Amino acid sequence: MRFDVIRRGVGLCMVLGVMLPLVCRAADERKQLAFDVIDRNAEQMTAISDSLYYFGELGMQEFESTKLLKDTLEAAGFRTELGGAGMPTNLWAEWGSGRPKIAIVTEIDALPGGSQTPGEFGRKPLVKDAPGHMEGHNTHGGVASTAAFAVKEVMQRNNIPGTIAISFGPAEEQLASRPFLVRAGYFKDVDAVIYLHIRDTLQTGFGVQNYAAISSIFTFHGKTAHGAINPWDGKDAVDAVELMDIGFDKLREHLRPTTRAHRTITIGGIQPNIIPDKGQIWWFVRDASMPAAKVTYDKLLKIAEGAALMTGTSYDVQYAASAWPQLFSRAIGEAIQKNIDMVGMPQWTEEENQRAKDFQKSAEKPVVGLQTKVTPLGGRAQAASSNDSGDISWVVPAGSMNFPSAIPGIEAHEWHAGVFPTSSISHKGQVVGAKTLAASVIDLLTSPDVLQKARVELDEQLKKTAYFSLLPPDAAPPVELNQADMEKYRPEMRKFYVNKTPRLQ
Ligand SMILES: [Zn+2]
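Since the structure is predicted, the reported quantities are computational estimates derived from the model, not experimental observations.

Thresholds applied
- Per chain, residues are indexed from 1 in the order of the written sequence.
- pLDDT decides what is reported in this predicted model: residues at 70 or higher carry local features, side-chain atom pairs at 80 or more are listed and counted, and totals for whole chains, interfaces and linings draw on all residues regardless.
- The side-chain quantities take in all heavy atoms of the structure and omit both hydrogens and water.
- Going along the chain from the N terminus, every DSSP run of H or I of four or more residues is numbered as a helix, and every run of E of two or more is numbered as a strand.
- C-alpha atoms define the radius of gyration in this analysis, and the globule rule sets the expected value at 2.2 Å times the number of residues to the power 0.38.
- Per-residue accessibility, obtained with a 1.4 Å probe over protein chains only, is compared with the maximum for each type, and a residue is labelled buried under 20%, exposed over 50%, and partly exposed between these values.
- Residues count as neighbours in contact if any of their non-hydrogen atoms are within 4.5 Å of one another.
- Per-residue and other accessible areas were derived by the Shrake-Rupley procedure at a 1.4 Å probe size, with only the shown protein chains allowed to occlude residues.
- The sign given to each residue is positive for Lys and Arg and negative for Asp and Glu; His and the chain ends receive no count.
- One atom stands in for each charge, and that atom is NZ of Lys, CZ of Arg, CG of Asp or CD of Glu.
- Buried Ala, Val, Leu, Ile, Met, Phe, Trp, Tyr and Cys residues form a nonpolar core when they are joined through side-chain atoms within 4.5 Å.
- Strands are labelled as partners when DSSP assigns at least two bridges between them.
- In this analysis an axis means a line fitted to C-alpha atoms, helices contributing only their contacting stretch, and an angle means the value between N-to-C directions, from 0 to 180 degrees.
- Any angle between 65 and 115 degrees counts as roughly perpendicular, while under 35 counts as roughly parallel, over 145 as roughly antiparallel, and the rest as oblique.
- Crossing handedness is read from the near helix: turned anticlockwise from the far helix by less than a right angle, it gives a left-handed crossing, and turned clockwise, a right-handed one.
- As a working rule, the residues Ala, Val, Leu, Ile, Met, Phe, Trp, Tyr, Cys and Pro are called nonpolar, Asp, Glu, Lys and Arg charged, and the rest polar, with Gly in that last group.
- Donors, by definition, are the N, O and S atoms found within 2.8 Å of a metal, the threshold being 3.2 Å for Na, K and Ca, and water is not counted, so a site can look incomplete.
- Expected span, for any helix, means 1.5 Å times one less than how many residues it has.
- In protein, a polar contact means a hydrogen-donor-capable atom and an acceptor-capable atom, both N or O and within 3.5 Å, with residues adjacent in sequence counting only if both atoms are side-chain atoms; elsewhere, any N or O pair within 3.5 Å suffices.
- Each residue carries a pLDDT value, the predictor's own confidence for that position, ranging from 0 to 100.

A. Up close: the overall build of the protein chain. For the protein chain, the helix and strand inventory stands at 14 helices and 12 strands. Taken against the 2.2 N^0.38 rule, which gives 23 Å for 505 residues, the C-alpha radius of gyration of the protein chain at 24 Å falls within 12% of a compact globule. Its C-alpha atoms give the protein chain principal-axis dimensions of about 90 × 50 × 40 Å. Expressed as a percentage of its 505 residues, the buried residues of the protein chain come to 56%. The long-range share in the protein chain, meaning contacts at least 24 apart out of those at least 6 apart in sequence, stands at 83%. Accessible surface, the protein chain: about 20900 Å² in total, of which carbon and sulfur atoms supply 54%. On the protein chain, the mean spot of the 53 positive side-chain charges and the mean spot of the 58 negative ones are 4 Å from each other.

What follows is the structure in structure tokens.
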């Protein structure tokens, strides 16, 4: 595959070579060095990703995962900071100094109930009911670290000025950390970021990619009374919850078609003959833009006020999470696409393709096998889901990069997605992912024109929609999130740890 990449790389240069043959050759040599570093460290990279798979840690509890990444990156020469912005599992690593500064942004958290025996096509948890990686975030750790290490080697060899950084933000699955990272100023001196995520293909994109989300928990406080003897003395906090729900339903007819709102009642009373003094309802409001989501959210606040007024209760609102839609730069996307086209998809074996087909069949999905072609550059349809890395993309120009370590047709957040993250398919996808990522970071470090264009694009967007943080001034990160669950399952999960000490060299 190495020679294939050189051939494709030179092919790309012949197009550009008309103007800049020497620069182009130098760029190719740098990227080839990065590819050599990645090929040499392929087993170390997948040892990182596989270790994270078995840690299977939920958001804010990524203690084993961040410890392994911190140790690995420090041994590889990086400076690290663990625990910044008030979150014990927030890991930042960097190498180099000054500008330009390019950061890889990604996450490593697992999902509740996701424990699965890798390679098993039937439902077979490693540990019953335990968390596990059913979105493949474990692969992000290996790819980001190894790509950053390859970039460092290239920077050292070629005296390229600047800084390469990695931000492993906690609890992406609960949209819980990135607004805090932005508020803490992590991206103030960063020139561009590349947001990394597993997928079933090698791809980038540009434009607004997904939805804004605001999540808050409303707790109503009333007064208990006997349900039969003196209900008139009670103030029913669960009535307030119900009225809030009905109030929002009345609003639904008058909302934009782009709006999404969903809720769950988290405290619904004690027993029927006790008028409840506490009721709680947890809301998500989403829309295609944050200002639009905020308009609906402000109406939701008024509905809570009305529900309290009608029931004589009081209430408080606790901010739970928020996310701006991810906004990706076209200029950075174009730079990444060139590397996607150069690196190309992995060479799957017939066995791997057949195994993917067998799995698709057993999961009752279309039997299409593995992707063999990279995705051409294009704007993607805006998805209604959200990712808290969106906030970062409104304060620093951002690109996105997906790599092919997942099986086509298998949706994340479902146990089937936990079957392949440690397979040879995932491993090969990680290699092309790390190469594409390293080459793209090298391009950003050495292309002031691309950084400039991306900055102009973001400034144009910000003129139309100014960024504001949804964080209340006194909001603190929810560091207790998932703590009880991890404490419950970790002792059993520990038996499956792979106990490797990856070393990038
Ligand atoms: Zn994800």
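B. Structural view of the nonpolar core. Residues F78, I104, I164, L437 and V441 are the most contacted members of the largest nonpolar core, which totals 77 residues. By residue number, the principal contributor to this core is helix α12 (residues 424–446), which donates 11 residues. Contact partners of F78, with chain neighbours within four places excluded, come to L73, A93, E94, W95, A148, F149, K152 and I164.

C. Local environment of the sheet that holds strand β7 (residues 212–221). Read across the open sheet, the 4 strands follow the order β8-β9-β7-β10; overall the sheet is antiparallel. The open sheet terminates on both sides in strands that have one partner only, identified here as β8 (260–267) and β10 (314–323). Averaged over all neighbouring strand pairs, the angle between strand axes comes to 15°, with direction disregarded. Pairing between β7 and β10: 9 bridges, direction antiparallel. Residue T219 lies in a different strand from β10, and its bridge partner there is D316. In the packing of helix α7 (residues 237–252) onto the sheet, the strands contacted are β7, β8 and β9 (278–287), and the crossing angle to β9 comes to about 20°. In the packing of helix α8 (residues 290–311) onto the sheet, contacts are made with β7, β9 and β10, and the angle to β7 comes to roughly 10°.

D. Quick peek at the packing of helix α3 (residues 42–55) against helix α4 (residues 63–75). Relative to each other, α3 and α4 sit at 160°, their axes nearing to 9 Å. Taken as axis vectors, α3 and α4 run roughly antiparallel relative to one another. The crossing of α3 and α4 is right-handed. The residues of α4 that touch α3, namely those facing I48, S51, L52 and F55, are E64, S65, L68, L69 and T72. Residue composition of the contact of α3 with α4, by class: 5 nonpolar, 3 polar and 1 charged.

E. Summary view of the coordination of the zinc ion. Of the protein atoms, only E135 (OE), H137 (NE2) and H197 (NE2) coordinate the zinc ion, at distances of 2.0 Å. Look at where the donors of the zinc ion fall in the sequence and you get E-x1-H-x59-H.

F. Quick peek at helix α9 (residues 330–343). Between its first and last C-alpha, α9 extends 20 Å over 14 residues, near the 20 Å set by a 1.5 Å rise per residue. The buried fraction of α9 amounts to 10 of the 14 residues, a majority that puts the element mostly inside the structure. When α9 is considered as a whole, its buried residues turn out to be A331, I332, G333, A335, I336, Q337, N339, I340, M342 and V343. Taking the backbone nitrogen of A331 as reference, a side-chain oxygen 3.1 Å away marks S329 as the first, capping residue of α9. In the stretch just after α9, G344 is the one whose phi turns positive, near 75°.

G. Focus on unusual backbone geometry. Cis geometry marks the peptide bond from R99 to P100, where omega comes out at -10°. The topology assignment puts P100 in the loop between β2 (91–97) and β3 (101–106). Residues other than glycine seldom take positive phi values, yet M60 does so here, at roughly 70°. With respect to the element layout, M60 can be found in the loop between α3 and α4.

H. Seen up close, the confidence of the model for the protein chain. Per-residue pLDDT for the protein chain has a mean of 95; in total, 95% of the residues score no lower than 70. With pLDDT under 50 throughout, residues 1–12 is counted as low confidence; its partners more than four residues away or in other chains account for 21 contacts. Per-residue pLDDT stays below 50 along residues 14–19; that stretch engages in 1 contact with residues further than four places along the chain or on separate chains.

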